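# Inside the fold
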Amino acid sequence: MVRKWLALLIALAAVAAFLWRVRPAKVVSARVSSVAPGPWPLANVSLEYGAGTPPVAVIVDVRDGAGRELGSVTAPGGRMLLEVPVSGAAGGYRVVVMASHRTLWGSWLEQAEFES
């Protein structure tokens with residue numbers, strides 16, 4: 001009887017560990033680290049993910065403090081540094097990240113906004 005309970009507990013722990021590992025990684029931070037000047041300025045955006053499997057793709061929008069769109073880029077998921085072409089430099093930035101996740105139980109989108 002004890003062996004059955006022990007085997008059941010081990011099986012439940014294995015399933016829980018598997019589900020914990022395959023859960024989607026959330027974007028926990030995004031910021032504009034610098035803007036390279038030039039005829040086509042590039043904003044260097046750094047992303048940080050939580051634990052789990054990285055997204056399939058990310059869409060990063062860079063906006064100014066008033067919310068006007070400055071630039072956008074789509075990249076494969078898991079990238080931590082991106083160069084976003086922007087229409088000009090601003091003082092404060094907002095970074096909007098949309099991440100596309102594919103899991104065992106379906107696909108879904110996560111959107112997060114960060115002040116930079």
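For the structure, see preceding data.
Before going into details, it helps to say that this report is about the structure given with it. (Residues numbered from 1 in each chain as written. Predicted model: local features only at pLDDT ≥ 70, side-chain atom pairs only at ≥ 80, totals over all residues. Heavy atoms only, no water.)

## What to know about the overall build of the protein
Counting its regular elements, the protein contains 1 helix and 7 strands. Listing the helices and strands of the protein from first to last along the sequence gives α-β-β-β-β-β-β-β. Expected size for 116 residues packed as a compact globule is a radius of gyration near 13 Å; at 19 Å, the protein overshoots this value by more than 25%. The C-alpha extent of the protein, read off along each of the three principal axes, is 75 × 20 × 20 Å. Restricting to contacts in the protein with at least 6 residues of sequence separation, those with at least 24 account for 51%. Of the roughly 7300 Å² of accessible surface on the protein, a fraction of 64% belongs to carbon and sulfur atoms. In the protein, which carries 11 positive and 8 negative side-chain charges, the distance between the mean positions of the two groups comes to 16 Å. (Helix = DSSP H or I, 4+ residues; strand = E, 2+ residues; numbered from the N terminus. Rg over C-alpha atoms; globule rule 2.2 N^0.38 Å. Contact = heavy atoms within 4.5 Å. Areas by Shrake-Rupley, 256 points an atom, 1.4 Å probe, with all protein chains shown as cover. Lys, Arg positive; Asp, Glu negative; His and termini not counted. Charge placed at Lys NZ, Arg CZ, Asp CG, Glu CD.)

## Here's the deal with the nonpolar core
Core analysis: the biggest nonpolar cluster contains 23 residues, and Val45, Leu47, Val58, Val60, Val62, Val84 and Val97 have the highest contact counts within it. Elements that contribute at least two residues to this core include exactly strand E1 (27-36), strand E2 (42-49), strand E3 (57-64), strand E4 (69-76), strand E5 (81-85), strand E6 (93-103) and strand E7 (106-115). Once residues lying within four places of it in the same chain are set aside, the contact partners of valine 84 are Pro41, Leu42, Ala43, Val45, Val60, Val62, Gly71, Ser72 and Val73. (Core = buried A, V, L, I, M, F, W, Y, C linked by side-chain atoms within 4.5 Å. Buried < 20%, exposed > 50% of the residue type's maximum accessible area, 1.4 Å probe, protein only.)

## Remarks on the side chain of serine 46
For serine 46, the location among the structural elements is in strand E2. Beyond its immediate chain neighbours, meaning those up to four positions away, serine 46 contacts Ser29, Ala30, Arg31, Met80 and Leu81.

## Here we look at a nonpolar patch on the surface
A contiguous nonpolar patch, built from Val15, Phe18, Leu19, Leu104, Trp105 and Trp108 and spanning about 640 Å² of accessible area, is present on the exposed surface. Looking at the nonpolar patch, the element that brings in the most residues is helix H1 (residues 2-22), giving 3 residues. Here tryptophan 105 falls in the exposed class, since its relative accessible area comes to 52%. (Patch = residues over 30% accessible without salt bridge, like charges linked within 9 Å, V, L, I, M, F, W, Y side chains within 5 Å. Salt bridge = Lys/Arg side-chain N within 4 Å of Asp/Glu carboxyl O.)

## Examining the pairing of E7
Across 10 bridges, the pairing between E6 and E7 is antiparallel. By the bridge assignment, valine 97 is partnered in E7 with alanine 112. Here E6 hands over to E7 after 2 residues, the two strands then running antiparallel side by side. (Pairing = 2+ DSSP bridges.)

## A word on the environment of leucine 70
By the element assignment, leucine 70 lies in strand E4. A relative accessible area of 14% places leucine 70 in the buried class. C-alpha separation for the pair leucine 70 and valine 84, spaced 14 residues apart in sequence, amounts to 9.1 Å. Residues contacting leucine 70, with those up to four places away along its chain left out, are Val62, Arg63, Asp64, Pro85, Val86, Ser87, Gly88, Ala90 and Tyr93.

Keep in mind that these numbers describe shape and distance, not what the molecule does.
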